[in-house]
Amino acid sequence: MPTHFDAIIIGSGQAGPSLANSLTQAGRTVAFVERKLFGGTCVNNGCTPTKALVASAYVAQKARIATDYGVIAPAPISVDMKAVKARKDKIVLASRTGVEGWLRNMPRCTVYRGHARFESPKEVRVNDDLLAADQIFINVGGRAVVPDFPGVNEVPYLTNVSILDLDTLPRHLVIVGGSYVGLEFAQIFRRFGSEVTVIEKNPRLCHREDQDVSASIRSFLEKEGIHVRTSAECIHFKRQGNDIAAGVDCTEDPTDSIGSHVLLAVGRRPNTDDLGLEKAGIAHDKHGYITVDDQLRTSVPGIWALGDCNGRGAFTHTAWNDFEIVAANLLDNDPRRVTDRILCYALYTDPPLGRVGLTETEVRESGKPALIGTRPMTRVSRAIEKGETEGFIKILVDAASKQIIGANILGTGGDEAIHCILDTMYAKAPYTNIQRAVHIHPTVSELLPTVLGDLKPLI
Ligand SMILES: Cc1cc2nc3c(=O)[nH]c(=O)nc-3n(C[C@H](O)[C@H](O)[C@H](O)COP(=O)(O)OP(=O)(O)OC[C@H]3O[C@@H](n4cnc5c(N)ncnc54)[C@H](O)[C@@H]3O)c2cc1C
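Residues numbered from 1 in each chain as written. Predicted model: local features only at pLDDT ≥ 70, side-chain atom pairs only at ≥ 80, totals over all residues. Heavy atoms only, no water.

Asker: Please set out the overall build of the chain residue by residue, giving values where relevant.
Answerer: The secondary structure content of the chain amounts to 13 helices and 22 strands. Relative to the globule expectation of 23 Å for 459 residues, the C-alpha radius of gyration of the chain, 24 Å, shows essentially globular dimensions. Taking the principal axes of its C-alpha atoms as reference, the chain extends roughly 70 × 60 × 45 Å. Across the 459 residues that make up the chain, the buried fraction comes to 52%. The long-range share in the chain, meaning contacts at least 24 apart out of those at least 6 apart in sequence, stands at 65%. As displayed, the chain has an accessible area near 20,800 Å², and 52% of this comes from carbon and sulfur atoms. Here the chain holds 51 positive side-chain charges and 54 negative ones, and the gap between their average locations is 2 Å. (Helix = DSSP H or I, 4+ residues; strand = E, 2+ residues; numbered from the N terminus. Rg over C-alpha atoms; globule rule 2.2 N^0.38 Å. Buried < 20%, exposed > 50% of the residue type's maximum accessible area, 1.4 Å probe, protein only. Contact = heavy atoms within 4.5 Å. Areas by Shrake-Rupley, 256 points an atom, 1.4 Å probe, with all protein chains shown as cover. Lys, Arg positive; Asp, Glu negative; His and termini not counted. Charge placed at Lys NZ, Arg CZ, Asp CG, Glu CD.)

Set out below in structure tokens:
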């Protein structure tokens, strides 16, 4: 006989725990299922640990160039990887135990440890327990793709999970994948002291970004000594003594990149292949992403999918917004929608990239009349004072409505400064709102009115 609850939530990622909180506060009983680490990817092997490592890497780099700032630091700089890992682990553990404690102490919430699988549209099995509810919420996230490159199974490789267990420095880290996850790790380990090679199958890094953004990122990474091999059309691996040889071209360039370690950072796949979706009749696409409507309802009444597993977002903030949308619709009679969301994210290289809305390429492709404003970080006084002048600001405005439709701030503080643009976009206010605002000096944000005061037609 199943144990009945008002709701079952599968997965303690970014949406599930907050949803459990809202449902239980509304007086409902919740069965909460987590098979592994409370807090999911972001807390355990995504945002939190990587940003902790980014911070250590930033300090290492600043120490290395300390004399540029008139500061005497012993040279050469070295990094104690065990201490770096211990710092990162402490931050992660605090967050993980916080999520677990929150759920375990939540009134009306019962936590189950184990892998959940659907038995029917209203039943989920966890080990020997059969749970039943009229409302089921799937928040199972995703994991790293391991592509079937020739030789990949004959060499040891790292993913975003296993690389976080390293407490020694790789001599030469070869990273397959020159996008967001791969580039953060590339700069982190280069700054710790590894040789780093990035292999990317597209002709440029972060190929979804504008050409000038990709070029600028490549430039500052190469200045730090990271080797970049783009247009790698034929990636394959073999062992070479204790090392791993990564080949990138099967015809023209036979030179292999020889690494002591290989990290695969070529994308994510949803954790839906072993969820018993077929037993509940839940529709999904060919990649396994669960099909949802604008309010995150699946094809089966009474079942919702939130977070990375629905393919509508790939970030912690989008997963959390999924919780907000479901909770608003179910509990507050507030018809929030996924399509109300404006695309925004950051790449946490140093300098970071803050991004919102459309790229310049997308605006051009749309054919709509637009205005553009740009400014290099070499002309931002805060950046000059900090000695961090890589990158540039770019803002795109719809010529008719005067609303901002896209922007990037690739530069120091770009991950924070981008939010004044984002909030103006949410307000559907014209760009003149920012242009006429008086911003604090000296900040990166203070130059946004200047950029917007000098817009040119996008031709
Ligand atoms: C290296 C890296 C860095 C990242 N950095 C950032 C960043 O800086 N900013 C950002 O916004 N995003 C970042 N992300 C993305 C972010 O981590 C994810 O978008 C976010 O964690 C998705 O949350 P989620 O709620 O969908 O699922 P997840 O956080 O993946 O959680 C899913 C949970 O479900 C559990 N689960 C899965 N299947 C079952 C099952 N059958 N039964 C029971 N439990 C199950 C899993 O164990 C897991 O705990 C990063 C990702 C990676 C890999």
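Asker: Account for the sheet that holds strand 14 (residues 261–264), with residues named and values stated.
Answerer: The strand order across the open sheet built from four strands is 10-9-8-14, with neighbouring strands paired in parallel fashion. Only two strands of the sheet have a single neighbouring strand rather than two, namely strand 10 (227–229) and strand 14. Adjacent strand axes in the sheet meet at a mean angle of 20°, parallel and antiparallel pairs treated alike. Examined bridge by bridge, strand 9 (residues 195–199) and strand 10 share three bridges and lie parallel to one another. Note on strand 10: the bridge partner recorded for Ile199 is Arg229. (Pairing = 2+ DSSP bridges. Axes fitted to C-alpha atoms, helices over the stretch in contact; angles between N-to-C directions.)

Asker: Talk me through the environment of Ile258; I want residue IDs and the actual numbers.
Answerer: With respect to the helices and strands, the residue Ile258 is situated in strand 13 (residues 257–259). For the pair Ile258 and His236, spaced 22 residues apart in sequence, the C-alpha separation works out to 12 Å.

Asker: Explain the packing of helix 3 (residues 47–64) against helix 4 (residues 81–104) to me, and be specific about the residues and the numbers.
Answerer: When two helices pack together, their arrangement is given by the angle between the helix axes and the distance between those axes. The N-to-C vectors of helix 3 and helix 4 enclose an angle of 140°; their axes lie 9 Å apart at closest approach. Between helix 3 and helix 4, the angle falls in the class oblique. Read as a crossing pair, helix 3 and helix 4 show a hand that is right-handed. Contacts between helix 3 and helix 4 pair Thr48, Pro49, Ala52, Leu53, Ala55 and Ser56 from the former with Val84, Arg87, Lys88, Ile91 and Val92 from the latter. In terms of residue class, the contact of helix 3 with helix 4 is made up of seven nonpolar, two polar and two charged. (Parallel < 35°, antiparallel > 145°, perpendicular 65-115°, else oblique. Left-handed = near helix turned anticlockwise from the far one by under 90°. Nonpolar A, V, L, I, M, F, W, Y, C, P; charged D, E, K, R; others polar.)

Asker: So, the side chain of Thr159: which residues are in play, and what are the values?
Answerer: By the element assignment, Thr159 lies in the loop between strand 7 (142–144) and strand 8 (172–176). Residues in contact with Thr159, not counting those within four places in the same chain, are Ala144, Leu263 and Leu264.

Asker: Quick one: what's the story with the sheet that holds strand 13, residue by residue and with numbers?
Answerer: The strand order 11-12-13 describes an open sheet built from three strands, whose pairing is antiparallel. Each edge of the sheet is formed by a strand with only one pairing partner; in this case those strands are strand 11 (236–240) and strand 13. If you compare each strand with its neighbour and ignore which way they point, the axes differ by 25° on average. The sheet contact formed by strand 12 (residues 243–247) and strand 13 spans three bridges and is antiparallel. Paired with Ile244 across the bridge in strand 13 is Gly259.

Asker: So what's going on with the site of the ligand? Which residues, and what values?
Answerer: Around the ligand there are 39 residues in total, and Gln14, Glu34, Thr41, Lys51 and Asp308 lie nearest to it. Within the contact set of the ligand, an oxygen atom lies 3.2 Å away from a backbone nitrogen or oxygen of Ala314. At a separation of 2.9 Å, an oxygen atom of the ligand approaches a polar backbone atom of Thr316. Here the ligand loses 93% of its free accessible area of 1,000 Å² to cover by the protein chains. The biggest single contributor to the shell around the ligand is helix 2 (residues 40–45), with four residues. (Near = heavy atom within 4 Å. Polar contact = N/O pair within 3.5 Å; in protein donor to acceptor, adjacent residues only side chain to side chain.)

Asker: Outline the packing of aromatic side chains, supporting the account with residue identities and numerical values.
Answerer: Counted under the stated rule, the structure contains eight aromatic pairs. Pairing Phe5 with Tyr112 gives two aromatic rings, centres 6.1 Å apart and planes at 90°, and the pair type is edge-to-face. Here Tyr112 lies in strand 3 (residues 109–113) and Phe5 lies in strand 1 (residues 3–10), a separation of 107 residues in the sequence. Each member of the pair Phe5 and Tyr112 is classed as buried. (Phe/Tyr/Trp six-rings, centres within 6.5 Å; stacked < 30°, edge-to-face > 60°.)

Asker: I'd love a proper account of the side chain of Thr318, names of residues and values included.
Answerer: Within the secondary structure, Thr318 is located in helix 8 (residues 316–331). Ignoring any residue separated from it by four or fewer positions in sequence, one finds Thr318 in contact with Gly313 and Arg341.

Asker: Can you lay out the state of the cysteines for me, pointing to particular residues and giving the numbers?
Answerer: What the rule picks out here adds up to one disulfide. Two residues share a disulfide in this structure: Cys42 and Cys47, whose sulfurs sit 2.3 Å from each other. Since a negative S-S torsion denotes a left-handed disulfide, the Cys42-Cys47 link at about -130° is left-handed. Classification of Cys47 by relative accessible area gives partly exposed; the value is 28%. A disulfide-free cysteine, Cys109 has its sulfur positioned 18 Å from the sulfur of Cys309, the nearest such atom. (Disulfide = S-S within 2.5 Å.)

Asker: Outline the environment of Thr29, supporting the account with residue identities and numerical values.
Answerer: Relative to the helices and strands, Thr29 resides in the loop between helix 1 (16–25) and strand 2 (30–34). Linking Thr29 and Arg218, residues 189 residues apart in sequence, is a C-alpha distance of 51 Å. Sequence-distant contacts of Thr29, that is, excluding residues within four places in its chain, are made with Phe5, Asp6, Ala7 and Arg108.

Asker: So what's going on with the pattern of salt bridges? Residues and values would help.
Answerer: Within this structure, the stated rule accounts for 27 salt bridges. Arg341 is the salt-bridge partner of Asp322, the closest N and O atoms lying 2.8 Å from each other. With a gap of 19 residues between them, Asp322 in helix 8 and Arg341 in the loop between helix 8 and strand 17 (344–347) connect regions that are remote in the sequence. Taken as a pair, Asp322 and Arg341 share a single burial class, namely buried. Between Asp454 and Lys456 there is a salt bridge, and its shortest N-O distance comes to 2.9 Å. Under the relative-accessibility criterion, Asp454 is labelled partly exposed at 46%. Residue classification places Lys456 among the partly exposed residues on the basis of a relative accessible area of 44%. The structure contains a network of salt bridges with shared partners spanning Asp210, Asp212, Glu360, Arg364 and Lys394. (Salt bridge = Lys/Arg side-chain N within 4 Å of Asp/Glu carboxyl O.)

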